[in-house]
Amino acid sequence: MNKKEISEIKKQFTPANCAITRICGCYVDGDKNIKTKTKDAFLSLPEEEMFKYFDLFKKTLSGSIGKNLFDMEFPLEQEMGEGSQKFLLKLRDSKLTDDALLDEFYQKIIDFYNYGENYYIILIHANYDVPGKSSDGAEMFDASDEVYEFLLCSICPVKLSKAGLCYNSETNSIEDRIRDWIVEMPDTGFLFPAFSDRSTDIHGLLYYSKNAKEFQSELIDNVLGCRTPMAAQDQKSAFQSLVSDALGEDCSFDTVKTLHDNLTEMIAEHKDEPEPLKLDKTDVKKLLSRSGANEEKLETFDREFDAAAGEKTSLLASNVAGTRTFEVKTPDVVIKVNPERTDLIETRWIDGIPYLVIQASDSVEVNGIPVSNRKADEA
């Protein structure tokens with residue numbers, strides 16, 4: 001799913017567009033005990049509750065693709081027999097009216113969701129009448145192509161509100177505030193089936209993780225039946241290792257700067273595309289070759305890429321590139337440069353010693369104090 005498709009589904013979580021038919025919930029304590037379960041027609045909820053749920057659902061589809069949101073495909077074995085895809089399809093087709101299926105789903109979450117405190121599992125069923133689009137991209141609501149029937153699951157921590165004092169308007173006094181259990185924004189969730197090319201894709205789903213560094217791998221493996229994605233930080237580490245190994249002794253400042261400039265240029269050229277820029281091993285190999293990697297070193301690159309990232313893994317360019325800053329680090333000095341102005345920094349050998357040389361502008365500050373950079377003979 002791309003940004004436009006995700007945005008299209010998020011827009012359904014408003015009173016005007018709402019296509020949610022049913023909402024079910026299961027509140028679980030820190031000892032994995034079910035405290036209560038709910039099941040309602042969504043439109044029967046009080047308006048105030050509906051708006052709060054809309055916020056939770058939108059959050060489950062928020063964040064950056066490749067960091068918080070991940071397209072996942074079901075392995076073939078999960079689409080056969082009693083695999084996870086078949087179970088989710090049964091759950092969707094039941095329109096959340098089958099109590100036995102719901103209980104089985106809740107128990108799967110409870111068994112494999114790694115969280116030691118209270119949480120609330122929310123599951124909704126919805127039917128989105130997908131409008132057709134004219135040749136100029138305008139939506140034609142009277143020309144629906146299909147109905148996208150989907151489930152959205154949000155798993156939300158439930159925390160006890162902080163202790164404190166409050167003003168009681170009825171007694172006109174300051175008193176101890178009642179502490180409540182508050183349902184917070186989701187930590188984890190998923191949309192099934194995927195909404196790809198503005199159409200139902202039963203072969204995949206969209207997974208959400210608030211934490212971009214750690215995922216619920218047991219939940220992904222055992223409940224969703226998919227392969228746990230590579231976290232953004234791990235993608236960056238794998239890329240750095242591949243670059244270092246491929247360049248070897250040729251891994252100079254100028255070569256790495258060229259690599260950064262080439263990667264930044266690729267991202268800029270791709271910025272208007274709905275899909276994020278992905279780099280498979282062929283793309284990374286070409287990038288290294290363009291940036292000065294020794295061809296002999298690249299002969300073993302395919303094997304090294306498979307070992308570091310995985311045979312069929314693609315790395316998101318935004319995860320591996322320092323698009324916000326260009327950082328040069330020594331044990332005692334850290335230099336951060338605007339990534340678009342890497343031309344301001346270069347290496348020079350002076351009296352046999354390597355130096356980093358930074359071109360200074362007319363505006364230079366040291367500890368917040370403006371300083372002059374005139375030559376001594378101009379002072």
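Preceding block: the structure.
What comes next concerns the included structure.

Quick notes on the rules
- Residues numbered from 1 in each chain as written.
- Predicted model: local features only at pLDDT ≥ 70, side-chain atom pairs only at ≥ 80, totals over all residues.
- Heavy atoms only, no water.
- Helix = DSSP H or I, 4+ residues; strand = E, 2+ residues; numbered from the N terminus.
- Rg over C-alpha atoms; globule rule 2.2 N^0.38 Å.
- Buried < 20%, exposed > 50% of the residue type's maximum accessible area, 1.4 Å probe, protein only.
- Contact = heavy atoms within 4.5 Å.
- Lys, Arg positive; Asp, Glu negative; His and termini not counted.
- Charge placed at Lys NZ, Arg CZ, Asp CG, Glu CD.
- Pairing = 2+ DSSP bridges.
- Polar contact = N/O pair within 3.5 Å; in protein donor to acceptor, adjacent residues only side chain to side chain.
- Phe/Tyr/Trp six-rings, centres within 6.5 Å; stacked < 30°, edge-to-face > 60°.
- Salt bridge = Lys/Arg side-chain N within 4 Å of Asp/Glu carboxyl O.
- 1 Å grid on protein atoms, 1.4 Å probe; cavity = no way out; pocket = protein on both sides within 12 Å on 5 of 7 lines; lining within 4 Å.
- Points joined across faces, edges and corners; volume = space filled by probe spheres on them.
- Nonpolar A, V, L, I, M, F, W, Y, C, P; charged D, E, K, R; others polar.
- Axes fitted to C-alpha atoms, helices over the stretch in contact; angles between N-to-C directions.
- Parallel < 35°, antiparallel > 145°, perpendicular 65-115°, else oblique.
- Left-handed = near helix turned anticlockwise from the far one by under 90°.

1. Considerations on the overall build of the protein
Okay, step 1: Looking only at helices and strands, the protein has 10 helices and 20 strands in total.
Okay, step 2: Relative to its length of 379 residues, the protein is extended, with a C-alpha radius of gyration of 26 Å against a globular reference of 21 Å.
Okay, step 3: Projected onto its principal axes, the C-alpha coordinates of the protein cover approximately 80 × 65 × 50 Å.
Okay, step 4: Taking all 379 residues of the protein together, the buried fraction comes to 40%.
Okay, step 5: Considering only residue pairs separated by 6 or more positions, the protein has 62% of its internal contacts joining residues 24 or more positions apart.
Okay, step 6: For the protein, the distance from the average site of its 45 positive side-chain charges to the average site of its 69 negative ones is 2 Å.

2. Regarding the side chain of Ser161
Okay, step 1: Mapped onto the elements, Ser161 comes out in the loop between strand S5 (139-160) and strand S6 (165-168).
Okay, step 2: With residues near it in sequence (within four places) discarded, Ser161 still touches Ile178, Arg179, Asp180 and Ile182.

3. A look at the environment of Phe150
Okay, step 1: Within the secondary structure, Phe150 sits in strand S5.
Okay, step 2: Spatially, the C-alpha atom of Phe150 lies 9.9 Å from that of Leu88, the residues being 62 residues apart in sequence.

4. Considering the pairing of strand S16 (residues 334-337)
Okay, step 1: Across the two faces of S16 the burial differs, with Ile335 and Val337 buried and Val334 and Lys336 not buried at all.
Okay, step 2: Here strand S15 (residues 326-329) hands over to S16 after 4 residues, the two strands then running antiparallel side by side.

5. Some points on the side chain of Ser94
Okay, step 1: Tracing the backbone shows Ser94 in the loop between helix H3 (84-93) and helix H4 (99-112).
Okay, step 2: The class of Ser94 is buried, set by a relative accessible area of 13%.
Okay, step 3: At 2.6 Å, the side chain of Ser94 forms a polar contact with the backbone oxygen of Leu91.

6. Focus: the pairing of strand S9 (residues 188-192)
Okay, step 1: Most of S9 is tucked away: 5 of the 5 residues are buried.
Okay, step 2: Inspection of the sheet shows S9 paired to strand S12 (residues 204-209) by 4 bridges, in the antiparallel sense. Bridge pairing in S12 links Thr188 to Ser209.

7. As for the packing of aromatic side chains
Okay, step 1: Applying the stated criterion across every chain, the model contains 19 aromatic pairs.
Okay, step 2: Seen in terms of ring centroids, Tyr53 and Phe57 are 6.0 Å apart; in terms of plane orientation they differ by 20°. Their pairing is stacked. Placement of both Tyr53 and Phe57 in helix H2 (residues 47-59) is noted, with a separation of 4 residues, approximately one turn of the helix.
Okay, step 3: Overall, Tyr53 belongs to the buried group, its relative accessible area being 14%.

8. Things to note about the pattern of salt bridges
Okay, step 1: For the coordinates displayed, the defined rule picks out 12 salt bridges.
Okay, step 2: A salt bridge links Lys95 to Glu149, with the nearest nitrogen and oxygen atoms 2.9 Å apart. You can see Lys95 sitting in the loop between H3 and H4 and its partner Glu149 sitting in strand S5, a full 54 residues away along the chain.
Okay, step 3: Look at Lys95 and you get partly exposed, because its relative accessible area is 38%.
Okay, step 4: Between Glu117 and Lys159 there is a salt bridge; the shortest N-O distance is 3.3 Å. Separated by 42 residues along the polypeptide, Glu117 in the loop between H4 and strand S4 (119-133) and Lys159 in strand S5 bring together distant segments of the chain.
Okay, step 5: What makes Glu117 partly exposed here is its relative accessible area of 40%.

9. As for the layout of surface pockets
Once rolled over the atoms, a probe with the size of a water molecule shows which space is left empty.
Okay, step 1: Each pocket or cavity is described by its volume, and for the largest pocket that value is around 910 Å³.
Okay, step 2: Taken together, 30 residues form the lining of the largest pocket, with Asp71, Met72, Glu73, Arg227 and Lys278 sitting closest to its centre.
Okay, step 3: Elements with a contribution of two residues or more to the lining of the largest pocket: strand S3 (69-73), strand S10 (194-196) and S12.
Okay, step 4: Looking at the lining of the largest pocket element by element, the count peaks at 5 residues for S3.
Okay, step 5: In the lining of the largest pocket, the residues fall into 14 nonpolar, 8 polar and 8 charged.
Okay, step 6: If you trace the second largest pocket, you find 22 residues lining it, with Gln240, Val256, His260, Phe326 and Glu327 closest to the centre.
Okay, step 7: At the level of secondary structure, the elements contributing two or more residues to the lining of the second largest pocket comprise helix H6 (232-247), helix H7 (253-270) and S15.
Okay, step 8: Per-element tally for the lining of the second largest pocket: the top contributor is H7, with 6 residues.
Okay, step 9: Taken together, the residues of the lining of the second largest pocket sort by class into 11 nonpolar, 6 polar and 5 charged.

10. Thoughts on the packing of H4 against helix H5 (residues 217-224)
Okay, step 1: At a closest axis distance of 9 Å, the pairing of H4 and H5 adopts a crossing angle of 150°. Our classification of the angle between H4 and H5 gives roughly antiparallel. For the pair H4 and H5, the sense of crossing is right-handed. Contact residues: Lys108, Ile109 and Phe112 in H4; Glu218, Leu219, Asn222 and Val223 in H5.
Okay, step 2: Among the residues forming the contact of H4 with H5, the class breakdown is 4 nonpolar, 1 polar and 2 charged.

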